[in-house]
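Working through the structure, step by step
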Amino acid sequence: MRIVKETVGGEGTAVNAQDLELIGALARKPLKAEEVYTFSVRLCDNEIDRDFERFDAQTLEQLAPLFVGKAGIFDHQWSARGQAARIYKTEIVREPGRTTRAGDGYVWLKGCAYMVRTDSSRDLIAEIEGGIKKEVSVGCSVEHAICSVCGRDRTQTDCGHEKGKEYGGQLCYATLEGARDAYEFSFVAVPAQPAAGVVKTARRGDSAAADLLEEEAALGRKYLEELRSEVVRLALLADRELDGRAVKSLAWKLSHSELEELRKSYARQAGERYPLKTQLGYGTRSVGLAEENRAFLG
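Cut-offs applied
- Residues numbered from 1 in each chain as written.
- Predicted model: local features only at pLDDT ≥ 70, side-chain atom pairs only at ≥ 80, totals over all residues.
- Heavy atoms only, no water.
- Helix = DSSP H or I, 4+ residues; strand = E, 2+ residues; numbered from the N terminus.
- Buried < 20%, exposed > 50% of the residue type's maximum accessible area, 1.4 Å probe, protein only.
- Areas by Shrake-Rupley, 256 points an atom, 1.4 Å probe, with all protein chains shown as cover.
- Phe/Tyr/Trp six-rings, centres within 6.5 Å; stacked < 30°, edge-to-face > 60°.
- Lys NZ or Arg CZ within 6 Å of the ring centre and 35° of its normal.
- Expected span 1.5 Å × (residues − 1).
- Arc of directions from axis to C-beta.
- Core = buried A, V, L, I, M, F, W, Y, C linked by side-chain atoms within 4.5 Å.
- Salt bridge = Lys/Arg side-chain N within 4 Å of Asp/Glu carboxyl O.
- pLDDT = per-residue confidence, 0-100.
- Contact = heavy atoms within 4.5 Å.

Describing the overall build of the chain
Helix and strand counts for the chain stand at seven helices and 11 strands. Buried positions account for 38% of the 298 residues belonging to the chain. Entry remark: accessible area of the chain is about 17500 Å², with carbon and sulfur atoms responsible for 50%.

A short note on the packing of aromatic side chains
In this description, a pair of aromatic rings is defined by centroid distance and the angle of the planes. Taken as a whole and judged by the stated rule, the model has three aromatic pairs. Consider the rings of Phe 39 and Phe 185, whose centres lie 6.5 Å apart with planes at 65°: the pair is edge-to-face. With Phe 39 in strand E2 (residues 36-45) and Phe 185 in strand E10 (residues 174-187), this pair connects stretches of sequence that are 146 residues apart. Comparing Phe 39 with Phe 185, the two get one shared label, buried. Pairwise contacts between aromatic rings join Tyr 37, Phe 39 and Phe 185 into one cluster. The ring of Trp 108 carries the charged tip of Arg 42 above its face, separated from the ring centre by 3.9 Å. Of note, Arg 98 hangs over the ring of Tyr 106, and the distance from its end group to the ring centre comes to 3.7 Å.

Focus: helix H6 (residues 256-273)
Over its 18 residues, H6 extends 26 Å from the first C-alpha to the last, a length consistent with the 26 Å expected when each residue adds 1.5 Å. For H6, the set of buried residues is Leu 259, Glu 260, Tyr 266 and Ala 270. Considered in projection along H6, the buried side chains sweep an arc of 140° and stay on one side of the axis. Opposite its buried face, H6 presents the exposed residues Glu 261, Arg 268 and Glu 272, each directed more than 90 degrees away.

Here we look at the nonpolar core
Within the largest apolar cluster, 30 residues are counted, with the highest numbers of intra-cluster contacts made by Phe 39, Leu 43, Phe 67 and Phe 185. By residue number, the principal contributor to this core is E10, which donates six residues. Residues Val 232, Ala 235, Leu 259 and Tyr 266 belong to the second largest nonpolar core, which totals 12 residues.

Thoughts on unusual backbone geometry
Of note in the backbone geometry, Phe 52 takes a positive phi value of approximately 60° without being a glycine. Secondary-structure assignment places Phe 52 in the loop between E2 and strand E3 (53-55).

Some thoughts on the pattern of salt bridges
A side chain of one charge can pair with a side chain of the opposite charge when the charged atoms of the two come close. Evaluation of the coordinates by the stated rule reveals eight salt bridges. For Glu 230, the salt bridge goes to Arg 233, with nearest N and O atoms at 2.8 Å. On the criterion of helical spacing, the pair formed by Glu 230 and Arg 233 is a turn pair, its members being three residues apart in helix H4 (residues 207-238). Across the pair Glu 260 and Arg 263 runs a salt bridge, and its minimum N-O distance is 3.1 Å. Remark: Arg 263 and Glu 260 occur in helix H6; sequence separation between them is three residues, near one turn of the helix. On the accessibility criterion, Arg 263 (28% relative accessible area) is partly exposed.

Describing the confidence of the model for the chain
Of the residues in the chain, 73% reach a pLDDT of 70 or more, and the chain-wide mean stands at 76. Of the regions scoring below 50 in pLDDT, residues 5-12 engages in 52 contacts with residues more than four places distant in sequence or in other chains. In the model, residues 190-210 has pLDDT below 50 throughout and makes 39 contacts with residues more than four positions away in sequence or in other chains.

Let's talk about the side chain of Ser 121
Residue placement: Ser 121 occurs in the loop between strand E6 (105-116) and helix H3 (122-129). According to the relative accessible area criterion, Ser 121 is buried, its value standing at 9%. Beyond its immediate stretch of four places on either side in the chain, Ser 121 contacts Met 115 and Val 116.

In structure tokens, the structure reads:
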């Protein structure tokens, strides 16, 4: 699963001897302090972002060494000319006392990058120093995207839960786990974010096909919502002692096939408890007129 994370970066830093040693390991020749410009970027964090996804802390730690040596480009457009900087070290930063919306301690991945001071890089350095170039995003890949509601891996199956919605009072988001690779970080022209955000790159076909897919997805979500409501209704009919809120919370965590099985089971139980009775009878028993009209006689 390839993802692109958007965040705020571009903070100038002072270069020291250790930095020069790390930079020298990436360069083809030793560089002097006056030959390089270094700056730090906030690559990604463990907060729930604007697309309702988040890295967990372990994945951030896995990504840290993968980003060392990766290039900084523009708008994720790969070209030799577009490679403007390179990450030479990373660091996991923990902020005590700050918690994420998911309830755990806030952690972010810091990258330190360098550029060679040349005539062609002078304008970019000035823009970083002036705060013009401070939005960056990172390209990387992960193995899993775990649904916060049902715990299923969204890269393997469509669990039916929509990110950003609440199910039984629980917010649905995906936790990105298992770092596979890190590709690059990129300067992008997007609004500044206070913390890491997400930009998805989905290469679909034409707009008509995309609209059709979205319409079909909306119909599927509507069907699942109706199915869950029906399961809750039948469950309460089958067993009046059930807690309605607990049943509703459980229903939102089940897959389509599990909901169908429960619907059949509860429908059978409800049918046994409340058997259908016909309004018209065709029996052969005859009654007299007086007995038939007794209910209407004073």
